[in-house]
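Topology and contacts: notes
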Amino acid sequence: MALLNFKRSEETVTVDPKVEAFLNNYSIEVMPRTAAKVDDFRALLPEGTRVYIAHIEGTPIEEMVETASRLAKDGFNVMPHFPARIIKDEATLADWIARYQGEAGVNQALLLAGGVAQPHGDYHSSMQLLESGLFDKAGFKRLHVAGHPEGNRDIDPDGSMKSVDEALVWKQKFSDRTDAKMALATQFAFEAKPVIEWANGIKAAGIDLPIHIGVAGPAKLQTLIKFAIACGVGPSLKVLQKRAMDVTKLLLPYEPTEFVSELAAHKAANPDFNIEQVHFFPLGGIKTNATWAINNGGTAAVPAAQS
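Residue numbers restart at each chain and count upward from 1, following the sequence in its written direction. In view of the model being predicted, local features appear only for residues whose pLDDT reaches at least 70, and side-chain atom pairs are presented and counted only at 80 or more, with totals across whole chains, interfaces and linings using the full set of residues. Only hydrogens and water are removed before side-chain values are computed, so all heavy atoms of the structure are retained for them.

1. Regarding the pattern of salt bridges
Put simply, the test is: A pair is scored as a salt bridge if a Lys or Arg side-chain nitrogen falls within 4 Å of a carboxyl oxygen belonging to Asp or Glu. Numbering of helices and strands runs from the N terminus, with a helix taken as a DSSP run of H or I at least four residues long and a strand as a DSSP run of E at least two residues long. Between buried and exposed lies partly exposed: a residue is buried under 20% and exposed over 50% of the maximum accessible area for its type, with that area taken using a 1.4 Å probe on protein chains only.
One pass over the full model with this rule turns up six salt bridges. Residue arginine 42 is joined to aspartate 74 by a salt bridge in which the shortest nitrogen-to-oxygen separation is 3.8 Å. Placement of arginine 42 in the loop between helix H2 (32–35) and strand S2 (50–53) and of aspartate 74 in the loop between helix H3 (61–73) and strand S3 (77–83) is noted, with a sequence separation of 32 residues between them. Using a relative accessible area of 35% as the deciding quantity, one classes arginine 42 as partly exposed. Arginine 99 serves as the salt-bridge partner of glutamate 62, at 3.1 Å between the closest nitrogen and oxygen. One end of the pair, glutamate 62, is in helix H3; the other, arginine 99, is in helix H4 (residues 90–104), with 37 residues separating them in the sequence. The partly exposed category is assigned to glutamate 62, whose relative accessible area is 46%. Given the relative accessible area of 25%, arginine 99 is considered partly exposed.

2. Let's talk about the packing of helix H8 (residues 192–204) against helix H12 (residues 257–269)
We apply this condition: To obtain an axis, a line is fitted to C-alpha atoms, over the contacting stretch when the element is a helix, and the angle between two such axes runs from 0 to 180 degrees between their N-to-C directions. Working rule for angles: under 35 degrees goes down as roughly parallel, over 145 as roughly antiparallel, 65 to 115 as roughly perpendicular, anything else as oblique. Should the near helix be turned anticlockwise from the far one by less than a right angle, the crossing is left-handed, and should it be turned clockwise, the crossing is right-handed. Residues count as neighbours in contact if any of their non-hydrogen atoms are within 4.5 Å of one another.
At a minimum axis distance of 9 Å, the contact between H8 and H12 shows a crossing angle of 40°. The angle between the axes of H8 and H12 places the two elements in the oblique class. Both H8 and H12 take part in a crossing whose hand is right-handed. In contact with Ala192, Lys193, Val195, Ile196 and Asn200 of H8, H12 contributes Phe259, Glu262, Leu263 and His266.

3. Comments concerning the side chain of asparagine 289
Along the chain, the position of asparagine 289 falls in helix H13 (residues 286–295). Since its relative accessible area comes to 1%, asparagine 289 is described here as buried. Contacts of asparagine 289, omitting those with residues within four sequence positions, involve Ile28, Gly217, Pro218, Phe280, Phe281 and Pro282.

4. Section: the packing of aromatic side chains
What counts, and what does not: Think of it this way: a Phe, Tyr or Trp ring, Trp meaning its six-membered ring, pairs with another when their centres are within 6.5 Å, and the plane angle makes it stacked under 30 degrees, edge-to-face over 60, tilted otherwise.
Overall, the coordinates contain 11 aromatic pairs when judged by the stated rule. For the ring pair phenylalanine 82 and phenylalanine 135, a centre distance of 5.0 Å and an interplane angle of 90° mean the geometry is edge-to-face. Residue phenylalanine 82 is found in strand S3, and its partner phenylalanine 135 is found in helix H6 (residues 134–137); the two are separated by 53 residues along the sequence. Like phenylalanine 135, phenylalanine 82 is buried. Aromatic side chains phenylalanine 280 and tryptophan 292 sit 5.9 Å apart centroid to centroid with 75° between the ring planes, which places their arrangement in the edge-to-face category. With a gap of 12 residues between them, phenylalanine 280 in strand S8 (residues 275–281) and tryptophan 292 in helix H13 connect regions that are remote in the sequence.

5. Describing the confidence of the model for the protein chain
To keep it simple, the criterion reads: A score between 0 and 100, pLDDT records how confident the predictor is in each residue.
Of the residues in the protein chain, 82% reach a pLDDT of 70 or more, and the chain-wide mean stands at 87. Here residues 1–5 is modelled with pLDDT under 50, and outside its nearest four sequence neighbours on either side it reaches seven contacts, counting other chains as well.

6. Considering the packing of H3 against H4
Keep this limit in mind: Each residue gets one of three labels, nonpolar for Ala, Val, Leu, Ile, Met, Phe, Trp, Tyr, Cys and Pro, charged for Asp, Glu, Lys and Arg, and polar for the others, Gly among them.
Across the interface, H3 lies against H4 with an axial gap of 9 Å and an inter-helix angle of 30°. In this view, H3 runs roughly parallel relative to H4, as classed from their interaxial angle. Considering the relative orientation of H3 and H4, their crossing is right-handed. On H4, the residues that touch Ile61, Glu62, Met64, Val65, Ala68, Ser69 and Ala72 of H3 are Trp96, Arg99, Tyr100, Glu103 and Ala104. By residue class, the composition of the contact of H3 with H4 is eight nonpolar, one polar and three charged.

7. Some details on the sheet that holds strand S4 (residues 108–112)
For clarity, the threshold we go by: Paired strands, in this sense, are two strands between which DSSP finds at least two bridges.
Within the closed barrel, the eight strands sit side by side as S1-S2-S3-S4-S5-S6-S7-S8. Their pairing is parallel. Averaged over all pairs of adjacent strands, the angle between their axes in this sheet comes to 30°, without regard to strand direction. Sheet topology places strand S1 (residues 27–30) next to S2; four bridges connect them, and they run parallel. Its bridge partner being in S2, serine 27 is matched across the sheet by arginine 50. Across the sheet, H12 touches strand S6 (181–189), strand S7 (211–216) and S8, and the angle it forms with S7 is around 155°.

8. Describing the pairing of S6
This is how the line gets drawn: We call a crossover right-handed when, viewed with the strands running away from us, the connection from the first strand over the helix to the second turns clockwise.
Counting buried residues along S6, seven of its nine residues qualify, which places the element largely inside the surrounding structure. Summarising the sheet, strand S5 (residues 142–147) and S6 pair through six bridges and their orientation is parallel. Counted as the bridge partner of histidine 144 is alanine 183 from S6. Of the pairings in the sheet, the one linking S6 to S7 comprises four bridges and is parallel in character. From the neighbouring strand, leucine 184 faces S7, where its bridge partner is isoleucine 211. Remark: the S6/H8/S7 crossover connection has right-handed handedness.

This is the structure we're talking about:
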């Protein structure tokens, strides 16, 4: 579907040009079970949108590949998750890569440890997946890895950023020696100032990987709090908790307008700011998130074949 076919809601206020620019070429995440409920993604997302496919423990690889194939045929850039801790061994990893390539033409991936306490096999980190050399051998053009603006208790149980920061240094060095385009896809947060400080901090430390900042899409407040706790969202969770204490806002759906607007304004004032794109987690539903993005000027820049 052509981009010009998308129409904003008549009730939408004038779009902030800074937000519109910041949302350009945004990405969004789906799971096979949620994707199956969408009749036609082309009616919701601009052509060429990068769609991550989250691989949750227990999801058969057949369902993942089927979803990837469907989205690719509809003209989207498909980026499946490769969670290290649910991949048994190198043979399994090679099989997954071959299936994605053979059936869906996939040439990009998000590599992450995965939210599993006990690894299922030989891998426990995204760095091991990168070191396998299988993605390079298969000619993958883009490899994204996880970023954690508020830390990660699974990686640093003491609440520090020590291991997370060490991993970033390793990933930067890997990026320096590979031809693949790399980026940091982050967990979602709700407070802009700490995210800006984190992004500036890693840049000052020599990490120049572009950041695709995680943004929670519109959703019921109770839904967001549940996901935020489950996903280990850090200090910015207090933004939601404060909102929950306000009776006038308790029943109103959360929208990421303030968070995105603050980041967009900072990006406009600082063009070299290393947050380059927005990555949506549609916690309140894909259609709801897609509608919010369209109403705020979100577009995809290039068709799938070119990205």
